[in-house]
Amino acid sequence: MLTMTTLARRLSTIAPSATIEISRRAAEMRREGLDIISLSQGEPDFDTPAHIAHAGKRAIDEGQTRYTDVDGTPELKQAIVAKFERDNALHYSTDQISVGTGGKQVIFNALMALIDPDDEVIIPAPYWVSYPDMVRLTGGMPVIVECGEAQHFRLTPEQLEAAITPQTKCLILNSPGNPTGTGYHREELIALGEVLKRHPQVFVISDDIYEYLAYDGWAFTTLAAVVPELFERTLTVNGVSKGYAMTGWRIGFGAGPKDLIRAMAMLQGQMTTNPSAISQAAAVEALNAPKDFLEEHLEILRQRRDMCAAAINAIDGLSCRVPEGAFYLFVSCQGLMGRRTPDGEVLERDVDVARFLLETAHVAVVPGSAFGLAPWFRVSFAAATERLGEACERMAHACQTLTAAPVTDQTPIG
Ligand SMILES: Cc1ncc(COP(=O)(O)O)c(C=O)c1O
């Protein structure tokens, strides 16, 4: 007998991601034995550095396999306090620190603790896919502010001022950002801070998860450090996932006002309790040990970024800026709109381009519409260098098969 489950209404507020169909098709093609190059991953292809992995193994051998304090062990909180002092000149006490199962849980906990139904949360677009849906799940309203390429994908103070209403509860900032890799400069954060100082009801979540992935001398800075007046109403979020190549260990953390941190612990205590004890021990090692591996990782990523950006910018119809951080290129495919594939399909949206690249070049990318800006797509350059080079060649060949002028069914005169 067929039964229909009645799901909670809150699920109807979140849309299935535009990327699902592309990912499903990529998996299907792989099962068919096709050589698909995935440039859609949101994680570095490096292994977790050996000293960190060993700390995890040691934790198991030493029996660190039980529940810990809900929002992090005292050792890890201490290591996080020291990290903020050392890297960001931010002075927190351990009761201002919350550790969760990835940066994702920390952000979700914070939104659950802060947002009432109909509260507005300002999200600059393009944005990390999860922010708007997380806000909707709390009952809040995402207020999307489009920050296009002309402004280097950065929110301007004028846009921020215009977006703030009496209902605004929170702003989410992400630098360097996913999907663009754009990083804010200190002066830009100060200018945004000037606006926020005039609106004391606005809380800030600063998502700094890509902090260490910075190139060409661009200096990472974070809002609570450059605008001290906002320290008391900012949650500074970070984690070990991206910079330490530890995405699967699932450790993220946030630092902010004590009342919020307590509320987040209460929520987490009713959901997942503590993040893995073993991963927490590995994260202590990651944060306390020197980051010697980072220089090599950054050099490899920088070379891949430059190679990939040059190859993409040489393709007629595609263009991207060279980002100062993270491991993504955000590629405009505006120039391909209206072009016709050899199969006769006209490319009208970035989803069409992503599907075309998958079917023709066997390269998987993520359409920009998933990040709130179209027609663009995101390429991750955290893939093996040779595969990345091959993917760019395949994309170039595929794009050469497109015909620029739309075919008309009118018979030419003369
Ligand atoms: C901007 C941004 N914030 C947060 C996260 C979550 O990171 P974690 O794997 O630690 O949950 C990601 C992961 O892709 C991200 O891109």
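What you see is a predicted model, and the numbers here were worked out from it, not measured in a lab.

(A) Layout of the packing of helix H4 (residues 102–114) against helix H5 (residues 130–138). Close contact between H4 and H5 brings their axes to 9 Å; oriented N to C, the two are set at 35 degrees. The two elements H4 and H5 meet at a crossing, and its hand is right-handed. Contact residues: Lys-104, Ile-107, Phe-108, Leu-111 and Met-112 in H4; Ser-130, Tyr-131, Met-134, Val-135, Leu-137 and Thr-138 in H5. Among the residues making up the contact of H4 with H5, the classes are represented as eight nonpolar, two polar and one charged.

(B) Up close: the packing of aromatic side chains. Within the structure shown, the criterion is met by 15 aromatic pairs. Judged by centre distance (5.9 Å) and plane angle (90 degrees), the rings of Phe-84 and Phe-253 are edge-to-face. Of the two residues, Phe-84 sits in helix H3 (residues 74–88) while Phe-253 sits in strand E8 (residues 252–255), which places them 169 residues apart along the sequence. Take Phe-84: its relative accessible area is 1%, and that puts it in the buried class. For Phe-253, a relative accessible area of 1% corresponds to the buried category. Between the aromatic rings of Tyr-210 and Phe-327, the centroid separation amounts to 5.6 Å while the plane-to-plane angle is 80 degrees, which identifies the pairing as edge-to-face. Here Phe-327 lies in the loop between strand E9 (319–320) and strand E10 (328–332) and Tyr-210 lies in the loop between strand E6 (203–207) and helix H8 (223–226), a separation of 117 residues in the sequence. Grouping residues by exposure puts Tyr-210 and Phe-327 together as buried.

(C) The pairing of strand E5 (residues 168–174), seen in detail. The buried fraction of E5 amounts to six of the seven residues, a majority that puts the element mostly inside the structure. As defined by bridge partners, strand E3 (residues 120–125) adjoins E5 across three bridges and the pair is classed as parallel. Counted as the bridge partner of Ile-122 is Leu-171 from E5. In this structure, E5 lies alongside E6, joined through five bridges in parallel fashion. Looking across to E6, one finds that Cys-170 is bridged to Phe-203. The handedness of the E5 to E6 crossover, carried by helix H7 (residues 186–197), is right-handed.

(D) Structural view of the side chain of Asn-109. By the element assignment, Asn-109 lies in helix H4. Setting aside anything within four residues of it in sequence, one finds Asn-109 in contact with Met-264, Leu-267, Gln-268 and Met-271.

(E) The sheet that holds E9, seen in detail. Strand order in the open sheet formed by four strands is E9-E10-E13-E12, with antiparallel pairing between adjacent strands. At either margin of the open sheet sits one strand with a lone partner, and together these are E9 and strand E12 (366–367). Examined bridge by bridge, E9 and E10 share two bridges and lie antiparallel to one another. Pairing of Cys-320 across the sheet is with Val-331, part of E10.

Calculation rules
- Residues numbered from 1 in each chain as written.
- Predicted model: local features only at pLDDT ≥ 70, side-chain atom pairs only at ≥ 80, totals over all residues.
- Heavy atoms only, no water.
- Axes fitted to C-alpha atoms, helices over the stretch in contact; angles between N-to-C directions.
- Helix = DSSP H or I, 4+ residues; strand = E, 2+ residues; numbered from the N terminus.
- Left-handed = near helix turned anticlockwise from the far one by under 90°.
- Contact = heavy atoms within 4.5 Å.
- Nonpolar A, V, L, I, M, F, W, Y, C, P; charged D, E, K, R; others polar.
- Phe/Tyr/Trp six-rings, centres within 6.5 Å; stacked < 30°, edge-to-face > 60°.
- Buried < 20%, exposed > 50% of the residue type's maximum accessible area, 1.4 Å probe, protein only.
- Pairing = 2+ DSSP bridges.
- Right-handed = clockwise from strand over helix to strand, strands pointing away.

From the geometry alone we can't say anything about function, so treat these as descriptive.
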